[in-house]
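# Breakdown of the fold
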Amino acid sequence: GTMTSLPRSIATSSRVTSRSRAVVTALAMALALILCHDASAGTPTEELERFFTAAAAILNDPATEGNADERLRAGRKLVADLFDFGEAAKTALGREWQKRTSAERDEFVRLFTDLLERSYISSIVARIRFDDGIKVNYVRESIQPNSATVLTTVAGKDGTDVAFEYRMWKRGDRWAIHDVVVD
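Residues numbered from 1 in each chain as written. Predicted model: local features only at pLDDT ≥ 70, side-chain atom pairs only at ≥ 80, totals over all residues. Heavy atoms only, no water.

## Focus on the overall build of the protein chain
Secondary structure summary: the protein chain contains seven helices and five strands in total. Taken from N to C terminus, the helices and strands of the protein chain fall in the order β-α-α-α-α-α-α-α-β-β-β-β. Taking all 183 residues of the protein chain together, the buried fraction comes to 40%. Element-wise, carbon and sulfur atoms account for 52% of the exposed surface of the protein chain, whose accessible area totals about 9600 Å². (Helix = DSSP H or I, 4+ residues; strand = E, 2+ residues; numbered from the N terminus. Buried < 20%, exposed > 50% of the residue type's maximum accessible area, 1.4 Å probe, protein only. Areas by Shrake-Rupley, 256 points an atom, 1.4 Å probe, with all protein chains shown as cover.)

Below you can see the structure in the form of structure tokens.
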């Protein structure tokens, strides 16, 4: 597999407060939920690699150094453009989705999106090693006509690799993540 390394300076910069460092670190992991949009769809792995490149650019932008809120906004925009939160929320609600009003559906998607971001971030931040930056190893990809799975690993705090399995589907001319399985 290939390796992508997110910047070490984000996790270790002495100019970033511990709260800001935690927010930036959380942003890096939240960004792992989605794929980077590209006008020409590539393979799911290529899109995931482009995503990590875009995430690193956001985290290394000197214009937002020391401004965790601005980096978080940029990261959330990237996430909102590419992760299919609406479909994930609809799937999670099941048959109840059809019984809800449009306003209730919108509210559920908003709350579900917030829950996914927070639970994923807290789970990952507790397990991933950041001292040398985040190194993503692309292990394997499985593609069907309208769905795909990409298995990656990231070094864990205990020295073992933590596996991330991204389950994706084809949405128009690009791949979108609808589920992430950790370990």
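## Comments concerning the nonpolar core
Membership of the largest hydrophobic core comes to 29 residues, with the highest contact counts inside it found for L48, F52, F164, Y166 and M168. Taken together, the elements giving at least two residues each to this core come down to helix 3 (44-60), helix 4 (68-82), helix 5 (85-93), helix 7 (102-125), strand 2 (135-143), strand 3 (147-155), strand 4 (161-171) and strand 5 (174-182). With six residues, the top contributor of residues to this core is helix 3. (Core = buried A, V, L, I, M, F, W, Y, C linked by side-chain atoms within 4.5 Å.)

## Quick word on the pattern of salt bridges
Going through the model one piece at a time under the given rule, you end up with eight salt bridges. A salt bridge links E104 to R100; the nearest nitrogen and oxygen atoms lie 3.7 Å apart. We classify R100 as partly exposed; its relative accessible area is 32%. Between E165 and R167 there is a salt bridge whose closest N-O contact spans 2.7 Å. Note on E165: relative accessible area 21%, which makes it partly exposed. Given a relative accessible area of 33%, R167 falls into the partly exposed group. Ionic contacts of the salt-bridge type, sharing partners, join the residues E96, K99, R100 and E104 into one network. (Salt bridge = Lys/Arg side-chain N within 4 Å of Asp/Glu carboxyl O.)

## Focus on helix 3
Over its 17 residues, helix 3 extends 24 Å from the first C-alpha to the last, a length consistent with the 24 Å expected when each residue adds 1.5 Å. Three or more residues of helix 3 are buried, namely P44, T45, E47, L48, F51, F52, A54, A55, A56, I58 and L59. (Expected span 1.5 Å × (residues − 1).)

## Details of the environment of E141
Mapped onto the elements, E141 comes out in strand 2. For E141 and L151, which are ten residues apart along the polypeptide, the C-alpha to C-alpha distance reads 6.4 Å. Sequence-distant contacts of E141, defined by excluding residues within four places in its chain, comprise T43, P44, T45, T149 and V150. Among the polar contacts listed, one links the side chain of E141 to the backbone nitrogen of T45, at a separation of 2.7 Å. (Contact = heavy atoms within 4.5 Å. Polar contact = N/O pair within 3.5 Å; in protein donor to acceptor, adjacent residues only side chain to side chain.)

## A closer look at the pairing of strand 2
Examined bridge by bridge, strand 2 and strand 3 share seven bridges and lie antiparallel to one another. Paired with N137 across the strands is T153, a residue of strand 3. In sequence, strand 2 turns back onto strand 3 through a hairpin of three residues. (Pairing = 2+ DSSP bridges.)

## Concerning the packing of aromatic side chains
Following the criterion strictly, the structure yields two aromatic pairs and no others. A centroid spacing of 5.7 Å and a plane angle of 25 degrees characterise the contact between F108 and F112, whose relative ring orientation is stacked. Taken together, the residues span about one helical turn, with F108 and F112 both in helix 7 at a distance of four residues. Accessibility expressed as a relative area gives 25% for F108, which makes it partly exposed. Residue class for F112 comes out buried when judged on its relative accessible area of 15%. Between F164 and Y166 the ring centres are 6.4 Å apart and the planes differ by 15 degrees, which places this aromatic pair in the stacked class. (Phe/Tyr/Trp six-rings, centres within 6.5 Å; stacked < 30°, edge-to-face > 60°.)

## Some remarks on the confidence of the model for the protein chain
Taken residue by residue, the protein chain gives an average pLDDT of 75. The fraction at 70 or more is 73%. Looking across the protein chain, the model is least confident in helix 1 (residues 8-12), with a mean pLDDT of 31, and most confident in helix 6 (residues 96-99), with 96. With pLDDT under 50 throughout, residues 2-39 is counted as low confidence; its partners more than four residues away or in other chains account for 106 contacts. (pLDDT = per-residue confidence, 0-100.)

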